[in-house]
Every structure is written in C-alpha cells, then in structure tokens.
Amino acid sequence: MSWLTNYVRPKIRALVSKSDVPDNLWAKCGNCGQMIFHRDLAANDKVCPYCDHHMRLTADERLKMIFDGGSYESLALPETVQDPLRFRDQQRYSERLKKARSATGLDDAIQLAFGEIGGQSAVVAAFDFRFMGGSMGVAVGEGFVTGARAAVERKAAFIGIPASGGARMQEGILSLMQMPRTVIAVEMVKEAGLPYIVVLTDPTTGGVTASFAMLGDVTLAEPGAVIGFAGSRVIEETIRETLPDGFQRAEYLHEHGMVDMVVPRKELRAALCRLLDLLMVPQAPSTVLETGAQVAQEAADEAPVAKEAAPEQAESGEATESERAAE
Ligand SMILES: [Zn+2]
C-alpha cells in the first residue's frame, strides 16, 4: 500500500501533468474545446477553424486588422485623474490599475488610432477587454471624447469598437458620467457631418451598451457576440421566465432590429471600406488642424453645398496629378 501511494501514484501524476498541453503552442477554443495551434489561430484572425467561434482580440490586433496595410498612428490618451475615490475592495484600485497596465502595456482599456481604411480617413476607438474587463472609467470616457474630437478635426470618420463589461465600478458616479459624455461626443461627430460606425464585439454590456455603443449611423456586430445591458441571469431571476435561445447574441439582436449587420471577422475590413466609401463626402485632405467647434460650425455652414463642391475638388485633385505627371 505504501509503495502504491508513495511511488506509483506520484509517477502517474507526473505522467499526466507532462501530457498537459503547453500554453505557448496551443490555444483551446472556448466554444467547442478543440485544441488549435496558436499559429493557425493567428492566421485565421483568432476565429476557431472548427466551429467559427470568434475569440476576443486585443485592441492592437483589432486595429492592425482593419487599417490599410495594418498601419496607423496611435493617438495618446489624455491625462486624467487616477483613482479619484481612493477606492478599495479586496485590493486597492490603484494596484489593480498598475497590474492591468503591466499585463497589457496599455494606459487604459481604450486605444485610439488614426489612419486610412479603404483610402478614407478614420479615427478608431478600440476597447481592450484584458484591461479590467474593458470597463469605462474617466480615462476611457475622456479617450472616447478625444477620439471623437480628433475625427472632427481631421474630417475623418469615427469608428467605435467596444469590448466592455460596462462602467468601472471603482470610479462610482464618475464612471457613470462617461455615459452622457460619450453620447455628446457622438453628437459632435454627427453634427460635423461625419459618419460614426460602431462594431459591437464580445462582450458589449452595461453602461457602454447604454451609451455610445447603440448610437451608430451603422451598427455592425461580430458573430456570436454577447450584446446587452443587464446579464441574462439577472433578467431571468427578475422576470422569472426562461429566456429564448441565443438571447443577447449578435444574431438575435440583428433579427430584432438592434443591429444592422452581423459581419464575420474575415469580412469586417471589407465591410468598413464599403461603408466609408458610401458615407464619406469626398473632400480635400485637411492639413491644418482646427478646433472642433470651428470645424463643426464650418461643416454646418457648408453642409448644403458640400455635394456641389465635391466635383470641383475632384477636378483640382486631377489637376495636381496631371501637373505631377507633367513634371
Ligand atoms: Zn471552436
């Protein structure tokens, strides 16, 4: 007996633990459980080749995927107040922030980028779920507003890509204040006559759903993404009814008119290119940065004649090209 417990059992345990798959080679699909080579997964844009499950992307992976040539200019997040409530639960909020920063290399849960998508200027505000569940506090709210301002200043489209559990609890009321702030930021983009597109990814919930995420001129969603306000378990317990299959999934929301298109990741870039091509009014590239208010005012003044002005600008563009050719 002692031989069995002391010698054989540890040997078996060691064998079993050796057969454990090293994390650096394989990833396990969260949906079908299949083991997939990291390399194959990356080549497939982090979509399971067996069941088409769309895994979460980092903000960086997302941005590389949608900009022309995978290149973009990162826009810095503005400095904001850190840990305004000196909040503490099991650990200090300031500690949580520090850990999230070192784990992700990000300042906060949002990343801003400017570049071209299908040749059209665009500012993208992409969330990173790894950073405290993509939660929206002051820094994220301020980041989103900064992104909207940059879009107006650069006469670019604005694209929001949430992946968020909602408001950041550790910032209390201040995180809730980011809901109206982001709504106003979206209005600013719309008043400047620029398109605002939302790509809902897994998950988009809580205060993010209840603010800028549902205000897109066009709302896209990734297949299978969870999109909702309160969690389905909470709803079930409240109304004491079983919820239908696929409740709060992108496809369900599409069927019920909350989402315009469910776009597989492989087709997302093409879809954005097409949309921007349709929605952006042709205009000469802006070189001088103006303040948001000025641009908004000018855009409002010029809006009725923008279409008439477009052909002239196109002509002047051709002229410069022919001049260049002459040289
Ligand atoms: Zn799978």
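As the structure is a computational prediction, the values presented were derived from the model and not from experiment.

Conventions we followed
Residues numbered from 1 in each chain as written. Predicted model: local features only at pLDDT ≥ 70, side-chain atom pairs only at ≥ 80, totals over all residues. Axes fitted to C-alpha atoms, helices over the stretch in contact; angles between N-to-C directions. Helix = DSSP H or I, 4+ residues; strand = E, 2+ residues; numbered from the N terminus. Parallel < 35°, antiparallel > 145°, perpendicular 65-115°, else oblique. Contact = placed C-beta atoms within 7 Å. Nonpolar A, V, L, I, M, F, W, Y, C, P; charged D, E, K, R; others polar. Pairing = 2+ DSSP bridges. Core = buried A, V, L, I, M, F, W, Y, C linked by C-beta atoms within 7 Å. Buried ≥ 20, exposed ≤ 12 C-beta atoms within 10 Å, placed from the backbone.

This next bit is on the packing of helix α5 (residues 138-153) against helix α7 (residues 178-191). Direction vectors running N to C along α5 and α7 enclose 5°, while the axes themselves pass 9 Å from each other. Judged by the inter-axis angle, α5 sits roughly parallel to α7. Every residue of α7 that contacts α5 at V138, V140, G141, F144, V145, A148, A151 and V152 is listed here: Q178, R181, T182, A185, V186, M188 and V189. Its residues assigned to classes, the contact of α5 with α7 shows 11 nonpolar, three polar and one charged.

Pairing is mixed across the open sheet formed by seven strands, whose spatial order is β3-β4-β5-β6-β7-β8-β9. Of all the strands in the sheet, just β3 (73-75) and β9 (261-262) have a single pairing partner and so form its edges. Bridge count between β3 and strand β4 (residues 110-117): three bridges; the pairing is antiparallel. The partner of E73 across the bridge, within β4, is F114. Contacts between helix α3 (residues 59-66) and the sheet are confined to β4, β5 (120-127) and β6 (157-161), with β5 contributing the most and set at about 160° to the helix. Against the sheet, α5 contacts β3, β4, β5 and β6, and its axis sits at roughly 20° relative to β4.

A few words on the nonpolar core. Ranked by size, the top nonpolar core spans 64 residues in total, and within it V124, A148, A151, A157, V189 and L200 carry the most contacts. Counting residues per element, this core draws most heavily on α5, which supplies nine residues. Not counting chain neighbours up to four residues away, the residues in contact with V124 comprise L63, I66, A113, I159 and I161.

On to the environment of E187, then. With respect to the helices and strands, E187 occurs in helix α7. Counting along the chain gives 39 residues from E187 to A148, while the straight-line C-alpha distance between them is 9.2 Å.

Okay, the environment of G133 next. Relative to the helices and strands, G133 resides in the loop between β5 and α5. Residue classification places G133 among the buried positions, given that 20 C-beta atoms sit within 10 Å. Along the chain, G133 and A100 lie 33 residues apart, while their C-alpha atoms are 9.9 Å from each other. Those residues in contact with G133, other than ones at most four positions away along the chain, are S164 and G165.

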